[in-house]
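Understanding the architecture of this molecule
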Amino acid sequence: MTDKSSNQMWGGRFAAGPDAIMEAINASIGFDKRLAAQDVAGSRAHAAMLAATGIVSDKDAEAMREGLLTVLSEIEGGTFTFSTALEDIHMNVEARLKDIIGAPAGRLHTGRSRNDQVATDFKLWVRDQLDAADAALVTLCRACIAQAEAGADWVMPGFTHLQVAQPVTWGHHMMAYVEMFGRDLSRVRDARARMNECPLGAAALAGTSFPIDRHMTAEALGFDRPAANSLDAVSDRDFALEFLSVASICAMHLSRFAEELVIWSSAQFRFVSLSDRFSTGSSIMPQKKNPDAAELIRAKIGRIFGANVALMTVMKGLPLAYSKDMQEDKEQVFDAADNLMLALAAMEGMVRDMTANRDNLRVAAASGFSTATDLADWLVRVPGLPFREAHHVTGTLVAMAEARGCDLPDLSLEEMQSVHGDINESVYDVLGVDNSVASRTSYGGTAPDRVREQVQRWKEMLG
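Rules behind the numbers
Residues numbered from 1 in each chain as written. Predicted model: local features only at pLDDT ≥ 70, side-chain atom pairs only at ≥ 80, totals over all residues. Heavy atoms only, no water. Axes fitted to C-alpha atoms, helices over the stretch in contact; angles between N-to-C directions. Helix = DSSP H or I, 4+ residues; strand = E, 2+ residues; numbered from the N terminus. Parallel < 35°, antiparallel > 145°, perpendicular 65-115°, else oblique. Left-handed = near helix turned anticlockwise from the far one by under 90°. Contact = heavy atoms within 4.5 Å. Nonpolar A, V, L, I, M, F, W, Y, C, P; charged D, E, K, R; others polar. Salt bridge = Lys/Arg side-chain N within 4 Å of Asp/Glu carboxyl O. Buried < 20%, exposed > 50% of the residue type's maximum accessible area, 1.4 Å probe, protein only. Polar contact = N/O pair within 3.5 Å; in protein donor to acceptor, adjacent residues only side chain to side chain. 1 Å grid on protein atoms, 1.4 Å probe; cavity = no way out; pocket = protein on both sides within 12 Å on 5 of 7 lines; lining within 4 Å. Points joined across faces, edges and corners; volume = space filled by probe spheres on them. Core = buried A, V, L, I, M, F, W, Y, C linked by side-chain atoms within 4.5 Å. Pairing = 2+ DSSP bridges.

**A closer look at the packing of helix H7 (residues 114-150) against helix H19 (residues 448-462)**
For the pair H7 and H19, the least separation of the axes is 10 Å and the interaxial angle reads 155°. The pairing of H7 with H19 is recorded here as roughly antiparallel in orientation. In terms of crossing hand, the pair formed by H7 and H19 is left-handed. In this structure, H7 uses Val138, Cys141, Arg142, Ile145, Ala148 and Glu149 to contact H19, whose residues at the interface are Val451, Val455, Trp458, Lys459 and Leu462. Here the contact of H7 with H19 is composed, by residue class, of eight nonpolar, no polar and three charged.

**A short note on the pattern of salt bridges**
Considering all chains together, one arrives at 28 salt bridges under this definition. Across the pair Glu197 and Arg225 runs a salt bridge, and its minimum N-O distance is 3.3 Å. Taken together, the residues span a long stretch of sequence, with Glu197 in strand S3 (residues 197-198) and Arg225 in strand S4 (residues 225-226) at a distance of 28 residues. On the accessibility criterion, Arg225 (39% relative accessible area) is partly exposed. In this structure, Asp377 and Arg440 form a salt bridge, with 3.3 Å as the shortest nitrogen-oxygen distance. Pair noted here: Asp377 is in helix H15 (residues 372-381) and Arg440 is in the loop between helix H18 (433-439) and H19, with a separation of 63 residues, a long-range link. The exposure class assigned to Asp377 is partly exposed, which follows from its relative accessible area of 22%. When salt bridges with common partners are traced through the structure, they connect Arg277, Glu348, Arg352 and Asp353 into a single cluster.

**Concerning the environment of Ser57**
When you line up the elements, Ser57 lands in the loop between helix H4 (36-52) and helix H5 (58-77). Separated by 19 residues in sequence, Ser57 and Glu76 place their C-alpha atoms 29 Å apart. Of note is the side chain of Ser57, whose polar atom sits 3.0 Å from the backbone nitrogen of Asp60.

**Points about the layout of surface pockets**
To find leftover empty space, a probe the size of one water molecule is rolled over the atoms. Looking at the largest pocket, its volume works out to about 500 Å³. Around the largest pocket, the lining is made up of 18 residues, and of these Phe159, His173, Tyr177, Arg256 and Glu260 lie nearest the centre. Elements supplying a minimum of two residues to the lining of the largest pocket: strand S1 (155-160), strand S2 (163-169), helix H8 (170-195) and helix H11 (238-264). Grouping the constituent residues of the lining of the largest pocket by class yields 10 nonpolar, five polar and three charged.

**Observations regarding the nonpolar core**
Formed by 100 residues in total, the largest nonpolar core has its most connected members in Trp170, Leu254, Phe257, Trp264 and Met347. The biggest single contributor to this core is H11, with 16 residues. The contacts of Leu254, once residues within four sequence positions are left out, are Leu140, Phe181, Ile297, Leu340, Ala343, Leu344 and Met347. Trp378, Ala390, Cys406 and Ile423 belong to the second largest nonpolar core, which has 20 residues in total.

**Topic: unusual backbone geometry**
Of the consecutive residues Leu320 and Ala321, the connecting peptide bond is found in the cis state with omega at 10°. As for its placement among the helices and strands, Ala321 is situated in the loop between helix H12 (292-315) and helix H13 (330-353). Positive phi, close to 60°, is recorded for His161, a residue that is not glycine. When you line up the elements, His161 lands in the loop between S1 and S2. With phi around 60°, Ala203 is a residue other than glycine that occupies positive phi space. Counting through the fold element by element, Ala203 comes out in the loop between S3 and helix H9 (214-220).

**Some details on the pairing of S1**
Bridge count for S1 against S2 is six bridges, and the pairing is antiparallel. Looking at S2, one finds that Gly158 is bridged to Gln166. Linking two consecutive strands that pair antiparallel, namely S1 and S2, is a turn of two residues; a positive phi of about 60° is found at His161 within it.

In structure tokens form, the structure reads like this:
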């Protein structure tokens, strides 16, 4: 297309085309061509509504709708030529439609503006990404649940400050991530429900004098209702910001899990073995097996966080309604969505394929005086010590074991009684890691039976 044809679409406002710098800064077709399917869907719904309300003839509307399908097939088939001079996906599609069907194409834009058109296209695209994230999160949760079910009674160390704290079960640890990703899933679904209002028909900012039916187009595009205020409809990007916010929280969870996989797969821990599909070797050290997928997830998260801040910054100072600044809303969201979906898929693959090293988990669980809290609880329950005194006695016994270079169960009864005379033989029942995890039966606790209950609950919730 030439600048002349572009100027004609502008209605003759400018006598000459923009120079190269203005064209470069003004054009968005380099990235918003990703909205092609949504743009065609919105235009086809708009054309059908124009015919139903008598604004255009049925013949013209049918020509528009069929011509738009031809345009979309060209785009999807890679034969469409995008023009920077035509600025964006909307004008590129409309210009090509005119080539195909002639004059009726000029009636397609009746009763709408590029302002409500782009808001609709972008909402449709973000909604699709929320649906994709929903499916990916369900799949990831199921992978975690499968790991939890297999290892519901496998003992491992639980950490605080990355120091051994108390024994927990592998299943309990996996279900912790199910809870986290489950909240992400809830936020995705909540965001989708809130954003599902249709901007189409708000026109430039004030609505239109044409007798359009906004409820018809909203329903045709799968929205719950039309947006209620035309100013808000064209200036709102909350749906994109909320997507980025949801994506950022989810990305943070993915990064935390990735960090644990990096640690767990190290030679110092050997808690898990990652599959070759999600690891790489070293160019110089033949013994190395690097958790590159986990590390890349951990790194890519910064792009999602950055996108959230960037769009917040774009929107923070804009008066109503539309400003050209809002053209900067898409690239950040596109990149964040791409990286979120990649990270979700990679994490699901790693979790599905990884093997927990049960023996190493158990050995680690028994180290670091991990049953000290069980000993303190026993001192409260059996001899009846106040908890603060029990805490002090336990600390003394830990120091004794540390000095001897052994763990708490390795202390003799006489040694324990030298610290507190009321300690008896039954104390050894709580010092084993299996007894420890089995005793944590409170709701949400690490006991294997509680883990299996949570596995079943989530299976039912996910369907």
